[in-house]
Amino acid sequence: MDRRDNEIFENDIKSELMNDDIKIPDSIKPESIEKRIALMTPEEMKKRKNSVDVPYQNASGDKESEKKDKNKKIRRVVLPIVLAAALILMFGLGMKVGGRNRIKTADPVLKDEAVTDSMVETDEEVAREESAAENDVDDDEEESEKKSFFEKKTDNYDKAYEALKACSDYAENMIENYSFDLDGAVTTQGGRRTFSATNDAAEDSIGIPQGELKQAEGTPLTQAQSGSSNVVPEFTDTNVRTEGVNESDIVKTDGQYIYSYDYSTEHIRIFKVKDGDMEEVGYINTLSTEISNSEMYISGDRLIYVGWDESYDDGSKLRTAVAIYDIKDRKNPELIKRITQDGTYYSSRLVDDYLYIFSRKSVALDKLSKRKYETFIPEIDGELIGNDKIFVQDDCFVDSYVVISAIDINKGKVKDRLGLLAGSDKLYVSTDNIYLTDRLFRWNIFRYDNDTNIAKISYKNGKLKFGCKGSIQGYIKDDYCIDEYKDHLRVVSTYFDNSEEANGLFVYDENLKKKSVIKGLAPNETIKSARFMGDTAYFVTFRQTDPLFAVDLSDPENPKITDYLKIPGFSEYLHPYSDGRLLGIGYDADENTGRTECLKLTMFDVSDPTDIEELDTMYLDEYSYASVFGNRKALMFDSRDGLFGFGAETSWDIRKNWDLEGDYQIGSFYNIYDYDEEKGFVNKLEYSLSDDDQFYSSADIYDTRGIIIGDYFYLVQDGDKLTSFDTEKFEVKNQLN
């Protein structure tokens, strides 16, 4: 200690000596020790002359020396005891304070191991929290997660830091003289490579409500009945991967209103619709929320708007944002909560009253600091993800997280949060679990082995829990190639076998341990589409022809290929149509060269998985691309009568190859089809999305949505044009721009 610290310490000791609460034994008090020394005989003094426990008697009889020796002895004996007593007193005082004031530890690890004033709750705050606990059944779980400052562990944080540091060191060793920013610009600094910050958390910069969400009145609308006495007709909803797991989109409906995002004005327009009549009754200016590239959900009187956060000043800091609106009054929607989390918006799901947001958070490797957790731990709604909610894939070598938040949309608060340091290739959400895949690349004799790691995370009522991890041979095309059923995970993938591609079906148990496998399917072909339907899996591979495989999975330990059907071309998308029917939307192709020629619709009879039949095929001669290939949400499907629709593009090449005659338009169209057991496919509507016969790009069919409400079809184009048709003759009834 320096001089100043010494003085402070000595003053503390003196003040403690003056404290009546400190009891020093009589036998070691200075006056008692002096009395004992005076009564010693010469023999006793001589015997204990060299003892460090007894003051040395100066042979010369110098009183000053004797006094100094006496003081040394007292300090040796008394000071250690006093110091120990002081430490005990201070520790007791600390425990007393700790009993009166609790430390906020929503994040299991505090920054720089320091407790700030903002982390200590007042008695008023404690009373308020205890009162709130009586009204929230989940508060006991949240309180149990709060840990004492002295119980903190940093093992997961440390693992994350070490993994990221390894990435940083590797990059520094590989590239010594250059650095690349997010836009690809090259910079140098002192002859060494440097990294620029690409995705740090940023502070909110606009005055948007951040407090508790106000509870809106009314009950959620359903397909049968609204919160009022009005009966809501049945309607089609967003086409999703898993029934019961809702997905966001640019157009939504609740059966009474259509909500559409208008890119040209960056507004959400609200239209009241009934029997083909339409009226714009309200709007939301999304510029006020500073959220872009956005999609939405409708849940009762809630509109949830998700996308990229633009409320920061530094464009290199990327975040995801959620805005929750009360839309009980459709004419005047009210913003009642805004939540942000680190990383770029990846995807989201809505299950019951909980919204699950997924973002990708890249770490600025040049700013890593082991004691500054904010440099490498993601933040959600102003709080770092806790140590017990950070997971590091053992063999990962990435500099980014998948960040997951669970938001209670009624309370407007983050219920749980989780961060997984691993790559994010595919996302599949079942009704019980979240699966994240991470495609790996390993160089092996002039080719890459493509294996896939997979992480399983359970979710229920807003609580996230890391389950287990596993590995899959090969790579997965999309989330239709992975499916959970009766506690088993079924996967179809494409992998390398002796430098050639092959395909396989793998079955895993609930712990992601391999249970069975069928390998070596369709060599030199790749998976084009897949669909799991209960105990049966269907998937399509392609090189020159379209083999549709059927696999019986009723016995997970012994899957069996029951049949396969080869036809020209391939199905890019498979959709369950009705009992025993499977719809394929894809391409026709040349049997010899495999060259795709035009779109086609195929209806398969799969009522007997051992005998698949092609019931009907319609060749869409003039079309070269369908919107559903790039986005399943672009498909409209009415399960009541089997009507389905999507946008499609034409091209000059297609028409030239087929030598078509007649007055054909070139551009983008929205088509609706029906399937009849006797007539086959029937085209019900072919509506041009182009103005003045001008060719439109694929962006227009991507952003076009079709909705059926009751007996009327509504077509929404780019969020700013709404057209209604009757579903009997599909004639235009009304139009709004």
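What counts and what doesn't
Residues numbered from 1 in each chain as written. Predicted model: local features only at pLDDT ≥ 70, side-chain atom pairs only at ≥ 80, totals over all residues. Heavy atoms only, no water. Helix = DSSP H or I, 4+ residues; strand = E, 2+ residues; numbered from the N terminus. Buried < 20%, exposed > 50% of the residue type's maximum accessible area, 1.4 Å probe, protein only. Contact = heavy atoms within 4.5 Å. Areas by Shrake-Rupley, 256 points an atom, 1.4 Å probe, with all protein chains shown as cover. Phe/Tyr/Trp six-rings, centres within 6.5 Å; stacked < 30°, edge-to-face > 60°. Lys NZ or Arg CZ within 6 Å of the ring centre and 35° of its normal. Pairing = 2+ DSSP bridges. Axes fitted to C-alpha atoms, helices over the stretch in contact; angles between N-to-C directions. Salt bridge = Lys/Arg side-chain N within 4 Å of Asp/Glu carboxyl O. Core = buried A, V, L, I, M, F, W, Y, C linked by side-chain atoms within 4.5 Å. pLDDT = per-residue confidence, 0-100.

Bringing the overall build of the protein chain into the picture now. If you tally the helices and strands in the protein chain, you get 10 helices and 42 strands. A buried classification covers 49% of the 737 residues belonging to the protein chain. Here the contacts in the protein chain between residues at least 6 apart in sequence split such that 54% fall between residues at least 24 apart. Entry remark: accessible area of the protein chain is about 36800 Å², with carbon and sulfur atoms responsible for 47%.

Evaluation of the coordinates by the stated rule reveals 29 aromatic pairs. Ring geometry for tyrosine 625 against phenylalanine 629: centres 5.7 Å apart, planes inclined by 90 degrees, an arrangement best described as edge-to-face. For phenylalanine 629, a relative accessible area of 15% gives the class buried. Taken together, the aromatic side chains of Tyr577, Phe637, Phe644, Phe646, Tyr673, Tyr675 and Phe681 make up a single cluster linked through ring pairs. For the cation-ring pair, arginine 360 lies above tyrosine 346, with the distance from its terminal atom to the ring centre recorded as 3.6 Å. If you follow arginine 439 out to its NZ or CZ, it ends over the ring of tyrosine 475, 4.2 Å from the centre.

For the rest of this paragraph, the subject is the sheet that holds strand E5 (residues 267–274). Spatially, the 4 strands line up as an open sheet ordered E3-E4-E5-E6, and their pairing is antiparallel. The two strands at the open ends of the sheet, each matched to only one other strand, are strand E3 (251–253) and strand E6 (277–285). Ignoring strand direction, the axes of neighbouring strands in this sheet form an average angle of 20 degrees. The pairing of E3 with strand E4 (residues 257–262) spans 3 bridges and is classified as antiparallel. Note that in E4 the partner of threonine 253 across the bridge is isoleucine 258.

Pairing between side chains becomes possible if they bear opposite charge and their charged atoms approach one another. One pass over the full model with this rule turns up 25 salt bridges. The closest approach of N and O atoms between aspartate 478 and lysine 477, which form a salt bridge, is 3.4 Å. The class of lysine 477 is partly exposed, set by a relative accessible area of 29%. One salt bridge connects arginine 490 with aspartate 483, and the closest N-O pair in it is separated by 2.9 Å. Taken as a pair, arginine 490 and aspartate 483 share a single burial class, namely buried. A network of salt bridges, in which partner residues are shared, links Glu234, Asp638 and Arg640.

With 7 of its 8 residues buried, strand E8 (residues 302–309) lies for the most part within the structure. Turn length for the strand E7 (residues 291–299)-E8 hairpin, with the two strands adjacent in sequence and antiparallel, is 2 residues, and the turn residue glycine 300 shows positive phi of about 60 degrees.

Its location among the elements puts proline 576 in strand E30 (residues 570–578). Its relative accessible area of 27% is what places proline 576 among the partly exposed residues. In sequence terms proline 576 and serine 639 are 63 residues apart; their C-alpha atoms lie 9.7 Å from each other. In contact with proline 576, other than residues within four places in its own chain, are Arg531, Met533, Arg581, Leu582 and Phe637.

Our focus in this paragraph is the nonpolar core. Core analysis: the biggest nonpolar cluster contains 38 residues, and Ile585, Leu601, Phe644 and Phe646 have the highest contact counts within it. For this core, the element with the highest residue contribution is strand E31 (residues 581–589), accounting for 5 residues. Ignoring any residue separated from it by four or fewer positions in sequence, one finds phenylalanine 646 in contact with Ile585, Leu601, Leu620, Ala626, Ser627, Ala634, Leu635, Phe669, Tyr670, Asn671 and Tyr673. Core analysis: the second largest hydrophobic core is formed by 32 residues, Leu164, Tyr345, Phe376 and Ile380 among them.

The next subject is unusual backbone geometry. At asparagine 461, a position not held by glycine, the phi torsion is positive, near 50 degrees. For lysine 486, which is not glycine, the phi torsion reads 50 degrees and is therefore positive. With respect to the secondary-structure elements, lysine 486 resides in the loop between strand E22 (482–485) and strand E23 (488–497).

Here we come to the sheet that holds strand E25 (residues 514–521). Strands sit in the order E22-E23-E24-E25 across an open sheet of 4 strands; the sheet is antiparallel. Unpaired on one side and paired on the other, E22 and E25 mark the two borders of the sheet. Direction aside, neighbouring strands of the sheet carry axes that sit 20 degrees apart on average. In this structure, strand E24 (residues 500–508) lies alongside E25, joined through 5 bridges in antiparallel fashion. Paired with phenylalanine 506 across the bridge in E25 is valine 517.

Before going further, it helps to spend a moment on the confidence of the model for the protein chain. Taken residue by residue, the protein chain gives an average pLDDT of 77. The fraction at 70 or more is 65%. Considering only residues more than four positions removed or in separate chains, one finds that residues 93–152, a stretch of pLDDT under 50, has 71 contacts. Taken together, the stretch residues 654–660 has pLDDT below 50 and engages in 18 contacts with residues farther than four places along the chain or on a different chain.

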